[in-house]
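# Analysis of the macromolecular model
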Amino acid sequence: MQRFSLRSQKVFLFFVLLFSFSLLSQTKPAKKQVTLLQFLPYNSTKDELVEKKIAEQLQQALQDSAYSVVETSRIGISENLQEAKLQASSYMIGGYYHKKSGENLEIYVQIYNPDTAEVIDAINLTQKIPELQGIDLDKEEMKVSDDTVIRQAAGKTLIKIRSNPKRKIRNRNIEENLSSKDLAKQIKFPIRKEDIVKQSEEVFKLLGETEVVTASRTKESLFDVPASIVVLSEQEIRDRGYTSLDEIFEDLPGFDAVRTYGTDHMNAYQRGYRTPFFQRTILMFNGISENDLYAQVATVTRQYPISNIKRIEVVYGPASAVYGPNAFLGIVNVITKDGTEIDKDSVNGEVNLQYGSFNTRSIDAAGRARYGDFSLAVSGKYFQSDDPDFSNRGGYWSDYWVGNPRVWGSLLYYGDAGKPFGKYSDPARNWGSVIHMTYKNLKIGIVNWDKTEGYGPYYAGDRGQPMTQWSKNSGQYYFEYTHKFGEKFSSYSLLLYRDSQIYGNWGEASPDGEEGQEDYSYVSYTRWNTENSSILVNQNFDYRYNRNFQFLFGLKGEVKKLTRNYDIPGYWDAYSSRPYIVDENLYPNGFGVVHSSNLLYWKPPSPNERRMPLDNLIATTDQGGFFVSIIDWRKFRFSPGIRYDFNSLYGQSINPRITGIYKYSPRTAFKLLYGEAFNEPSPIQLFGGWNGRNSNPNLKPEKARSYEAIAMHQTKFALHEISAYYSRYSNVIKEEAENAGQRRIYGGEYKLKMNFKNFWQNARPIGIYLYYTYLEALSEIYYDHQLGEWKTGRTVFKQYEYLFPDIAPFLPRQEYYSTLGDISPHKLSLGLNLPIKKLFNVNLRAFYVSKRQFYSRNPLRADGKTLSPHFILNSAFRYHFWQHGFVTLKVLNVFNHTYSVPGPEAAGAGDNYYERSKDFQSSTLPQPGRNYLMTLTVKF
């Protein structure tokens, strides 16, 4: 499956490039007229020969590229702009030169739009001789001829004009090559000042007017969107020094981020809903789900390139009314550039080279091209790291347990990723690519990635080898087509094929339960595999009857081919595509499982990774449709919607949504929201997963009902939002693949974003954000560690429960709903971004997580232990060292704070590190101390 995906991508990309080159070779630029002014001296004597050569070179360059040139000798910018407009010139070129004896010629070129009478681009070509103290330079050897400087100026001017057919104002070039020069202080140019300095009130436009598309599949402002939403812009991502998607969640409100450094690297619980994996929030790229097909996990690690990200929209609350299954807690939609944002007939991009702590190396690059109606955007990333070494932090990750010969026996002769078993290591190798091609209304997209990582501290070291490599890959190939039927009616069509594979190695030591044999294990080193694919068709319509009424509706059909059980030759009683006939007396648990006292171990064969046998596959179908309307009446906006879905396994689900918004003023709005959602059981829990355990084909979908009130207010420089919500969940699916009880979650959030005038001249505004989250997550069931089973808090009398009559007649009063655990009641995130002139940028981000109880299943909770609070400061420092490049130093955990986060899944290992662990998953997960990452960015 993986080989097919990679080969298909290469062939597809080859034909796209061939098509784009054919367009480039056949299209010719249209002929346009340019008015050419006489160049004038600046702080130097008049040189008629220089002026003549400048005029000749510019005229020749323009005419060779099919531009007609009109020369004028009139003095005065405004007068010539009026004349150029009357002559129907598309551009006007003027400028100045500076020349002194013994120095190189310096030329300033300004490009004007006669229709708007404004500067749209600027060039400053200089070849100044450096003056170094204590070094004598031969100025004649350092001299650059006037002809060379003039020829370079003419060439660059032609490029600027050809690459800007729409005559857009290029503020960065104007600021760097004109506004910041002494020339602009002595001569008045028609520059749109507020776009350059960005310190007028226009800079502090209403943040609430930011347009988003995720919540309702249509463009809406933050004040109009029927949800609570956070938007991260491209500039914010760059300022904060983010180099991978996982970094954003620690700074977001409403998320409890758990960096596991395991096979999925990160888990995140949105709005207090703890789950075994990150599978109740949908991760999207450009509106298309990236959650895998087998476990439904959003794999947020270091595989995605971020160099081409335009913005990230984070939606809070159920969204099944629009997006259907699994839009349960919210959506994270990553929106990338598709090439249409750049000027026609141009190419640009960037390359990011990264190196840092833990021998981390990465390259993240993006390129965009546009010619006529065709555009192409390509981004890719390769990441490699050793990840932190936690063996010196004590616990089950120490080499004592990882390399214990009684525990691991002859398995210690093996290894993975070029490293031997018995020593802690956690290597990671990830790559990903995002490709978008557009031609008029057609878009073709590919999102392809592969990640291979060790288990790290995820499992106790006496049960799993941390360096064993586990992999996951995904391929998305889709066509999108949009069409407008007049001004009011439009359609969106999507055809998507996707495949996802989960596979890898697993080195296990399962304790021998016989008395006196507790230090020994049944060990195995096996390879696992799944293969899953789907074909999806979406057809959506958008009809705007008038400015006050709009409705959207759509239909969906999907066919999935899913793995039933992991294919694991030789592992206990697991399914195997390579069955072997062996002596059951010698191998009662599978031919890949032996006792650690055995002197030899033979690794069983790998599964058939070319094709999953048909008897281990199941086909499912999904159909669905939705209807959402937007009604504006005076100061009110209503957005009712409903969706119907039917699945061939678990049946139907109906999910409504209703939103009322009252706009008290243009800067103040109040929202009331009600929404429902459902989360379908994942195939890994339905069909068994590893070896037939923890399977339940009768699992029902989880159901969510959420109520929320939001108030938003915009001041001149800040956007405030405060929200309170209450959510009820039923048929909760636990890690044991059971529908078990209900949950109630109460929460509140405060969000503040500010931009205000910078005290440094010619610098961007100072930015500040502050997020506060309060959460109380309650569960109807709790884990009784004495009995070793889950019990309900809903007793007969809702007060007392009859348990052990011989010991104690009654158990003391139980809470009707008890604290779920692993969810922080209070979380605070704050950040400051300080641009210093044009060269430096300082970004400081901090988050505080309060004390929290452990998950109900975690044995540390039974011991009365809690997880200590922590405050972490992160930083990013950026220095621009030339026009098209900068370097960023990111320092994480600046204060080198030692802290841990809650363990994953059942988190049952415990912390009695002098004995064998109680279960596989670690009860707590250590986090790294101070670490660094340096990024060199080159833009072109």
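Conventions and cut-offs
- Residues numbered from 1 in each chain as written.
- Predicted model: local features only at pLDDT ≥ 70, side-chain atom pairs only at ≥ 80, totals over all residues.
- Heavy atoms only, no water.
- Helix = DSSP H or I, 4+ residues; strand = E, 2+ residues; numbered from the N terminus.
- Buried < 20%, exposed > 50% of the residue type's maximum accessible area, 1.4 Å probe, protein only.
- Contact = heavy atoms within 4.5 Å.
- Areas by Shrake-Rupley, 256 points an atom, 1.4 Å probe, with all protein chains shown as cover.
- Expected span 1.5 Å × (residues − 1).
- Arc of directions from axis to C-beta.
- Salt bridge = Lys/Arg side-chain N within 4 Å of Asp/Glu carboxyl O.
- pLDDT = per-residue confidence, 0-100.
- Pairing = 2+ DSSP bridges.
- Phe/Tyr/Trp six-rings, centres within 6.5 Å; stacked < 30°, edge-to-face > 60°.
- Lys NZ or Arg CZ within 6 Å of the ring centre and 35° of its normal.

Glancing now at the overall build of the protein chain. Scanning the protein chain from N- to C-terminus turns up 13 helices and 48 strands. Counting only residues that meet the buried cut, the protein chain has 56% of its 940 residues in that class. For the protein chain, restricting intrachain contacts to residue pairs at least 6 apart in sequence, the fraction spanning at least 24 positions comes to 67%. In the form shown here, the protein chain has an accessible surface area of approximately 40500 Å², with 55% of it arising from carbon and sulfur atoms.

Another point: helix α4 (residues 146-162). Helix length check: α4, at 17 residues, gives a terminal C-alpha distance of 25 Å against a target of 24 Å (1.5 Å per residue), a fit within 8%. Taken as a whole, α4 has its buried residues at Asp 146, Val 149, Ile 150, Ala 153, Ala 154, Thr 157, Leu 158 and Ile 161. Angular distribution of buried residues about the axis of α4 spans 165 degrees; they occupy a single face of the element. Turning to α4, the residues buried within the fold contact α2 (48-64), β4 (91-98), β5 (106-113) and β6 (118-125).

This structure, assessed with the given rule, holds 45 salt bridges. The residue Lys 663 makes a salt bridge to Asp 224 at a minimum N-O spacing of 2.3 Å. Of this pair, Lys 663 sits in strand β31 (residues 651-665) while Asp 224 sits in the loop between β8 (220-221) and β9 (228-233), and the two are 439 residues apart along the sequence. In this structure Asp 224 comes out as buried when scored by relative accessible area, which is 13%. Arg 916 is paired through a salt bridge with Asp 462; the nearest N and O atoms lie 2.8 Å apart. Residue Arg 916 is found in the loop between β46 (900-902) and β47 (924-926), and its partner Asp 462 is found in the loop between β22 (442-453) and β23 (470-485); the two are separated by 454 residues along the sequence. Given a relative accessible area of 0%, Asp 462 falls into the buried group. Via salt bridges that share partners, Arg 271, Glu 708, Glu 721, Glu 749 and Lys 751 belong to a single interconnected network.

Once that is clear, we can look at the confidence of the model for the protein chain. When pLDDT is averaged along the protein chain, the result is 86, and 89% of the positions lie at 70 or above. Between residues 10-30, whose pLDDT stays under 50, and residues either more than four places distant or in other chains, the model counts 15 contacts. Contacts from residues 128-142, a stretch scored under 50 in pLDDT, to residues over four places away or in other chains number ten contacts.

The strand order β9-β14-β15-β12-β13 describes an open sheet built from five strands, whose pairing is mixed. Only two strands of the sheet have a single partner each, and these edge strands are β9 and β13 (288-289). Where β9 meets strand β14 (residues 309-316), six bridges bridge the pair, whose relative direction is antiparallel. For Ser 228, the partnering residue across the bridge sits in β14 and is Tyr 316.

What follows is about the packing of aromatic side chains. In total, this model carries 54 aromatic pairs according to the counting rule given. Considering the side-chain rings of Phe 489 and Tyr 543, the 6.0 Å spacing of their centres and the 70 degrees angle between planes classify their relative orientation as edge-to-face. Taken together, the residues span a long stretch of sequence, with Phe 489 in strand β24 (residues 489-511) and Tyr 543 in strand β25 (residues 521-546) at a distance of 54 residues. For Phe 489, a relative accessible area of 26% translates into the label partly exposed. In this structure Tyr 543 comes out as partly exposed when scored by relative accessible area, which is 23%. Both rings, one in Tyr 522 and one in Trp 572, keep their centres 6.2 Å apart while their planes meet at 70 degrees; by these two values the pair is edge-to-face. Of this pair, Tyr 522 sits in strand β25 while Trp 572 is found in the loop between β26 (549-563) and β27 (593-595), placing the two residues 50 residues apart along the sequence. Tyr 522 gets classed as partly exposed once you look at its relative accessible area, which sits at 26%. Linked through ring pairs, Tyr 294, Tyr 455, Tyr 458, Tyr 459, Trp 470, Trp 506, Trp 528, Tyr 566, Tyr 571 and Phe 920 together constitute an aromatic cluster. Between the NZ or CZ atom of Lys 751 and the centre of the ring of Tyr 316, over which it lies, the distance is 5.3 Å.

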